[in-house]
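Results of the structural survey
Take a look at the letters that make up each chain.
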Amino acid sequence: MVTLITSNVNSRDLRKIVNLEQEVFKENAFSKHLLKKLIENHTFFLKLEIGKIKRELIGFIIVINETKERTNIINYLIKPNFQNSGYGSYLLQHTINKIKQLKTIKKIVLNVQISNLIAIKMYEKFKFKRNPSIIENYYHSGESAYLMELDLDS
Ligand SMILES: CC(C)(COP(=O)(O)OP(=O)(O)OC[C@H]1O[C@@H](n2cnc3c(N)ncnc32)[C@H](O)[C@@H]1OP(=O)(O)O)[C@@H](O)C(=O)NCCC(=O)NCCS
């Protein structure tokens, strides 16, 4: 059986987080400076590790509160060789459950590249609704984004 552990990211994880972020998002990656700040500011920043004895970091998710009732998944990834094996769903479900426990949050939002069909499909599996309007030039690469929203009331 696979052992998965979700826990808060701390400053000792920074190097691994930065490397994974760059490997996956390339020119659109968050900078080391920003990731460090997000860890220091005690943002909702969860990592996913695999393995009982020797743990390997295979993904993470960062969520920030935009308002008292609305929270935004600003970064989320699974290490490439672990993708498409259910780990992303596990981490997202865990995160949604944690947010629901807060009771105050009514809506989870996120932006996704319009070409990222895998992620869009995944969010739709979790009942996120895609806003039809395109946000032009959203990423450093010049790519556009969709806004996706999940109402926790419904
Ligand atoms: C998006 C991401 C986090 C999903 O994590 P994952 O571990 O690969 O996802 P899962 O294996 O749990 O699959 C979840 C769903 O995603 C979709 N999916 C995942 N991999 C897919 C693939 N290769 N082809 C088609 N659909 C795929 C499916 O809908 C799948 O659900 P299903 O298995 O019930 O059909 C991961 O692919 C990733 O890190 N991608 C690069 C970074 C990224 O795009 N992050 C999101 C930014 S908004």
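Attention here is on the structure that accompanies the text. (Residues numbered from 1 in each chain as written. Predicted model: local features only at pLDDT ≥ 70, side-chain atom pairs only at ≥ 80, totals over all residues. Heavy atoms only, no water.)

Moving on, we come to the site of the ligand. The ligand sits among 20 residues. The nearest are Asn84, Gly86, Gly88, Ser89 and Asn116. Tyr76 places a polar main-chain atom, nitrogen or oxygen, 2.8 Å from a nitrogen atom of the ligand. Considered on its own, the ligand offers 910 Å² of accessible surface; in the complex 76% of this is hidden by protein. Secondary-structure elements contributing two or more residues to the shell around the ligand are α1 (14-25), β4 (70-78), α3 (87-101), β5 (107-113) and α4 (117-125). The greatest single-element share of the shell around the ligand, amounting to 5 residues, is contributed by α4. Here the shell around the ligand is composed, by residue class, of 10 nonpolar, 8 polar and 2 charged. (Near = heavy atom within 4 Å. Polar contact = N/O pair within 3.5 Å; in protein donor to acceptor, adjacent residues only side chain to side chain. Areas by Shrake-Rupley, 256 points an atom, 1.4 Å probe, with all protein chains shown as cover. Helix = DSSP H or I, 4+ residues; strand = E, 2+ residues; numbered from the N terminus. Nonpolar A, V, L, I, M, F, W, Y, C, P; charged D, E, K, R; others polar.)

Counting across every chain of the model gives 5 aromatic pairs. Ring geometry for Phe45 and Phe60: centres 5.7 Å apart, planes at 50 degrees, overall tilted. In this pair, Phe45 sits in strand β2 (residues 44-50) while Phe60 sits in strand β3 (residues 56-65), placing the two residues 15 residues apart along the sequence. Exposure class is identical for Phe45 and Phe60. Each is buried. Pairing Tyr76 with Tyr123 gives two aromatic rings, centres 6.2 Å apart and planes at 45 degrees, and the pair type is tilted. Placement of the pair is Tyr76 in strand β4 and Tyr123 in helix α4, with a sequence separation of 47 residues. By relative accessible area, which is 12% here, Tyr76 ends up buried. Judged by relative accessible area, which is 6%, Tyr123 ranks as buried. Members of the aromatic cluster, each reached through a chain of ring pairs, are Tyr76, Tyr123 and Phe128. Here Arg130 stacks its cationic end above the ring of Tyr146, 4.3 Å away from the centre of that ring. (Phe/Tyr/Trp six-rings, centres within 6.5 Å; stacked < 30°, edge-to-face > 60°. Buried < 20%, exposed > 50% of the residue type's maximum accessible area, 1.4 Å probe, protein only. Lys NZ or Arg CZ within 6 Å of the ring centre and 35° of its normal.)

A few words now on α1. Here α1 is 12 residues long and its end C-alpha atoms lie 16 Å apart, about the 16 Å a rise of 1.5 Å per residue gives. All of the buried residues in α1 are Leu14, Ile17, Val18, Leu20 and Glu21. The buried residues of α1 all sit within an arc of 165 degrees when viewed along its axis, so they share a single face. Summarising the contacts, the buried residues of α1 are in contact with α2 (32-40), β2, β3 and β4. Lys26 occupies a position one or two residues after α1 and carries a positive phi of about 50 degrees. (Expected span 1.5 Å × (residues − 1). Arc of directions from axis to C-beta. Contact = heavy atoms within 4.5 Å.)

Next up on the list: the environment of Tyr138. Mapped onto the fold, Tyr138 is located in the loop between β6 (129-135) and β7 (145-151). Overall, the relative accessible area of 41% leaves Tyr138 in the partly exposed class. Counting along the chain gives 39 residues from Tyr138 to Ile99, while the straight-line C-alpha distance between them is 26 Å. Aside from chain neighbours lying at most four places away, what touches Tyr138 is Asn111, Glu143, Ser144 and Ala145.

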